Amino acid sequence: MKKILYWAGRGQDLKILDDFRKELEKNEYVIEYINIKYDSGQLSPSEWIQVTNNSADWWIGISLGASLLYYSTNFIRKHKPSRITLINPFSSRKILAEEKGFSLENQWVFTPKNCNVEVDNFDVVLSLNDNKIPMYHGVELLNKTISNNKQIIFVKGNHIIDDNMAQIELANLLIKNGILNGENDNGRYNYCNVYKQ
């Protein structure tokens, strides 16, 4: 079974990236959703059973979910995913709050870029028209991660990639690159541009 652990963004609105996930499901991926309420209580991934006892080979997250995903990999006890895909993550919530002028009161303050993450395959997806999180946050995580197969994908879209055709193309591109074990055939895409590191 091809299993994905999916981490939604701050509001955990599953309408976001719905076409992306449907395309993954059409390609026989089973998606499990992280069931943690964000910014509630203490930030304690070591107590989240879906993290400590996960069985998914591929973890995908967007925005806050992507950053929590990255941070949480340090607390895995059993099955480490072989692939991580971050979509528009931040590398430090404190720095992002300073840049964007929002309060961190009643929000978890954490810095994913201070984590040591090692994974077989690592993708960072960055939206060219993201007005929520500057792209350099994702690049910092890409550079920090230890992986033999790294790629950065730039998508013509906004923070939540609300263009359904861009979502479908992104899903198919990620599936194809997974099958090719991180290789890119340099094909032309309408919405996505891939760079290997």
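The shown structure was predicted, so the numbers you read here are calculated from the model rather than taken from an experiment.

Enquirer: In this structure, what is going on with the packing of aromatic side chains? I would like to understand it.
Expert: The description of an aromatic ring pair rests on the distance of the ring centres and on the angle between the ring planes. All chains considered together, the criterion is met by nine aromatic pairs. With 5.8 Å between their ring centres and 35 degrees between their planes, tryptophan 48 and tryptophan 108 make a pair best called tilted. Here tryptophan 108 lies in the loop between helix H4 (93-100) and strand S5 (121-127) and tryptophan 48 lies in the loop between strand S2 (29-33) and helix H2 (49-52), a separation of 60 residues in the sequence. Of the two residues, tryptophan 48 and tryptophan 108, neither departs from the other in class, the shared state being buried. Cluster of aromatic residues (ring-pair linked, three or more members): Trp7, Trp48, Trp59 and Trp108. It is lysine 2 that lies over the ring of tyrosine 29; its NZ or CZ is 4.4 Å from the centre. A cation over an aromatic ring shows up here: arginine 21 above the ring of tyrosine 6, its NZ or CZ 4.9 Å from the ring centre.

Enquirer: Just to check I follow, could you spell out the pattern of salt bridges for this structure?
Expert: Pairing between side chains becomes possible if they bear opposite charge and their charged atoms approach one another. Under the counting rule described, the total for this entry stands at nine salt bridges. With a closest N to O distance of 3.0 Å, lysine 3 and glutamate 32 form a salt bridge. With lysine 3 in strand S1 (residues 2-7) and glutamate 32 in strand S2, this residue pair connects regions lying 29 residues apart in the sequence. Its salt-bridge partner being aspartate 39, residue arginine 10 comes within 3.6 Å of it at the nearest N-O pair. Here arginine 10 is found in the loop between S1 and helix H1 (18-26), whereas its partner aspartate 39 is found in the loop between S2 and H2, with 29 residues between them in sequence. Shared partners join several salt bridges into a network, and the residues in it are Arg10, Asp39 and Arg93.

Cut-offs used in this document
Residue indices begin from 1 for each chain and proceed along its sequence in written order. At least 70 in pLDDT is required for a residue's local features to be given in this predicted model, at least 80 for side-chain atom pairs to be given and counted, and no such filter applies to totals for whole chains, interfaces and linings, which use all residues. For side-chain calculations, the full set of non-hydrogen atoms in the structure is used, while hydrogens and water are omitted. Pairing of aromatic side chains here covers Phe, Tyr and the six-membered ring of Trp, requires ring centres within 6.5 Å, and sorts the geometry by plane angle: under 30 degrees stacked, over 60 edge-to-face, intermediate tilted. Numbered from the N terminus, helices here are DSSP runs of H or I no shorter than four residues, and strands are runs of E no shorter than two. Type-normalised accessible area, obtained with a 1.4 Å probe on protein chains alone, sets the label of each residue: buried when under 20%, exposed when over 50%, and partly exposed for intermediate values. Charge-over-ring contacts are defined here by two conditions on Lys NZ or Arg CZ: a distance within 6 Å of the ring centre and an angle within 35 degrees of the ring normal. Definition used for salt bridges: Asp or Glu carboxyl oxygen within 4 Å of a side-chain nitrogen of Lys or Arg.

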